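# Structural overview
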Amino acid sequence: MPSHGHAKIPQHVAIIMDGNGRWAKQRGLPRLEGHRRGVEAVRTTMNAARELGIRYITLYAFSVENWKRPQEEVGGLMGLLELYLKKELSTFVRDGVRFRTIGRIDDMPAGVRRLLRETEAATKHFTEWNFILALNYGAQTEAADAARAYAAAVRDGQEKLEDASWERFHRYLYTADLPDPDLLIRTSGELRISNFLLLQLAYAEMVFTPTLWPDFGKAELKAAIDEYAKRERRYGRTTEQIKAGTK
Ligand code: IPE
Ligand code: IPE
Ligand code: MG
């Protein structure tokens, strides 16, 4: 079991931020207004996560499948992302937050890509707080990218085919140097994973809430953590073994 100050505070929380569109629709507003309010919820949640002592937070912001949305919405989302990154860099530096991305960043618009690289570079020396944004992310794409990189390493003699294992394969995932999420939260009442971190969520606890993402905040995060704290993580063992503290 991972041991840190408060054993019941997850080290890594991953969130599928869903429901921006429905939030806007309920109010007769354009979908983009929902996304705008969603960015506010990101700020609130980030601050709440640090206050609660959550060291890693990964947010699913744009999936490989989301390119299928109307061009106007995709463009609006990219614009919001640029605006957010420009505004937030100084906050990350002030608060000591390391910013990273997972996903096929090379296929993001050039302006966004430049800002992402800049933000990553400016915060790379921070270690305490980690903010990971999943952009143009898909778990199946990640697996394919990792398999290709692993195969290339075998071809180039850096890996041996007979040593192939999960541990070695893991080093080629986007998340190679990140701990697996302890807790997954999905907002908006949908009960699915939507191609998010399929391998890394192997033993994550999951909390689904009907709250739409723009309405998510500290109270909702706290409620999810309280739910997480009640769960017994057994990793295949028995309750008796867990109680006895068997490693
Ligand atoms: C989540 O909200 C944000 C993104 C996927 C970018 P949605 O836009 O999916 O909101 P709903 O599901 O249509 O309500
Ligand atoms: C998942 O939400 C992707 C993100 C939150 C970025 P979607 O709204 O795209 O998921 P589906 O299509 O309802 O499964
Ligand atoms: Mg959705």
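### Quick notes on unusual backbone geometry
Even without glycine at this site, Asn 136 takes up a positive phi of about 50°. Positionally, Asn 136 belongs in strand S4 (residues 129-137). With a relative accessible area of 5%, Asn 136 lands in the buried category. In this structure, Leu 197 is a non-glycine residue whose phi angle is positive, near 45°. Structurally, Leu 197 can be placed in the loop between strand S5 (183-186) and strand S6 (205-208). With a relative accessible area of 1%, Leu 197 lands in the buried category.

### A look at helix H4 (residues 110-123)
With 14 residues, H4 extends 20 Å from end C-alpha to end C-alpha; this agrees with the ideal 20 Å at 1.5 Å per step. Looking at H4, one finds that the buried residues are Val 112, Leu 115, Leu 116, Thr 119, Glu 120 and Thr 123. Considered in projection along H4, the buried side chains sweep an arc of 130° and stay on one side of the axis. Buried residues along H4 sit in contact with helix H3 (71-95), strand S3 (97-102) and S4.

### Topic: the pattern of salt bridges
Proximity of charged atoms lets side chains of opposite charge pair with each other. For the structure shown, the criterion picks out 25 salt bridges. Taking the shortest distance from any N to any O, the salt bridge between Arg 43 and Glu 40 comes out at 2.8 Å. Highlighted residues: Arg 43 and Glu 40, both in helix H2 (residues 31-52), separated by three residues, approximately one helical turn. The shortest N-O distance in the salt bridge between Arg 69 and Glu 73 comes to 2.9 Å. Shared partners join several salt bridges into a network, and the residues in it are Asp 18, Arg 22, Arg 186, Glu 190 and Arg 192.

### Concerning the environment of Asp 95
With respect to the element layout, Asp 95 can be found in helix H3. Given a relative accessible area of 18%, Asp 95 falls into the buried group. Spatially, the C-alpha atoms of Asp 95 and Trp 213 are 24 Å apart, while their sequence positions differ by 118 residues. Leave out the neighbours within four places in its chain, and Asp 95 touches Asn 47, Arg 50 and Trp 129.

### Considerations on H3
It helps to recall that an α-helix has 3.6 residues per turn; residues three or four apart then point in one direction. Between its first and last C-alpha atoms H3 spans 35 Å; for 25 residues at 1.5 Å apiece the expected length is 36 Å, and the two agree. Glu 88 marks the point of greatest bend in H3, at about 40°. Of the residues one or two after H3, Gly 96 is the one with positive phi, at around 70°.

### Some words on the side chain of Asp 145
Among the structural elements, Asp 145 can be located in helix H5 (residues 139-155). Separated by 3.2 Å, the side chains of Asp 145 and Arg 148 make a polar contact. What Asp 145 contacts, discounting residues up to four positions off in sequence, is Arg 104 and Tyr 174.

### Describing the sheet that holds S5
Here six strands make up an open sheet; going across it, the order is S3-S4-S2-S1-S5-S6 and the pairing parallel. Only two strands of the sheet have a single neighbouring strand rather than two, namely S3 and S6. Here the average twist between neighbouring strands, direction ignored, is 20°. Here six bridges tie S3 to S4, and the two strands are oriented parallel to one another. Pairing of Val 97 across the sheet is with Trp 129, part of S4.

### Observations regarding the confidence of the model for the protein chain
Mean pLDDT over the protein chain works out to 96, with 97% of the residues at or above the 70 mark. Contacts from residues 1-5, a stretch scored under 50 in pLDDT, to residues over four places away or in other chains number three contacts.

### Remarks on the site of ligand 1
Around ligand 1 lies a shell formed by Met 17, Asp 18, Gly 19, Asn 20, Gly 21, Arg 22, Arg 31, His 35, Ala 61, Asn 66, Arg 69 and Leu 77. Asn 20 places a polar main-chain atom, nitrogen or oxygen, 3.1 Å from an oxygen atom of ligand 1. Protein burial of ligand 1: of its 380 Å² of free accessible surface, 87% is covered by the chains. For the shell around ligand 1, a count of residues per class yields three nonpolar, five polar and four charged.

### A short note on the packing of H2 against helix H7 (residues 218-230)
Between H2 and H7, the least distance of the axes is 9 Å, while the angle of their chain directions is 45°. When the axes of H2 and H7 are compared, the pair comes out oblique. At the point where H2 passes H7, the crossing takes the right-handed sense. Here Thr 44, Thr 45, Ala 48, Ala 49, Glu 51 and Leu 52 of H2 lie close against H7, whose contacting residues are Lys 218, Leu 221, Lys 222 and Ile 225. Among the residues forming the contact of H2 with H7, the class breakdown is five nonpolar, two polar and three charged.

Criteria and cut-off values
Residues numbered from 1 in each chain as written. Chains lettered and ligands numbered in written order. Predicted model: local features only at pLDDT ≥ 70, side-chain atom pairs only at ≥ 80, totals over all residues. Heavy atoms only, no water. Helix = DSSP H or I, 4+ residues; strand = E, 2+ residues; numbered from the N terminus. Buried < 20%, exposed > 50% of the residue type's maximum accessible area, 1.4 Å probe, protein only. Expected span 1.5 Å × (residues − 1). Arc of directions from axis to C-beta. Contact = heavy atoms within 4.5 Å. Salt bridge = Lys/Arg side-chain N within 4 Å of Asp/Glu carboxyl O. Bend = angle between axes of the 7 residues up to and from the residue. Polar contact = N/O pair within 3.5 Å; in protein donor to acceptor, adjacent residues only side chain to side chain. Pairing = 2+ DSSP bridges. Axes fitted to C-alpha atoms, helices over the stretch in contact; angles between N-to-C directions. pLDDT = per-residue confidence, 0-100. Near = heavy atom within 4 Å. Areas by Shrake-Rupley, 256 points an atom, 1.4 Å probe, with all protein chains shown as cover. Nonpolar A, V, L, I, M, F, W, Y, C, P; charged D, E, K, R; others polar. Parallel < 35°, antiparallel > 145°, perpendicular 65-115°, else oblique. Left-handed = near helix turned anticlockwise from the far one by under 90°.

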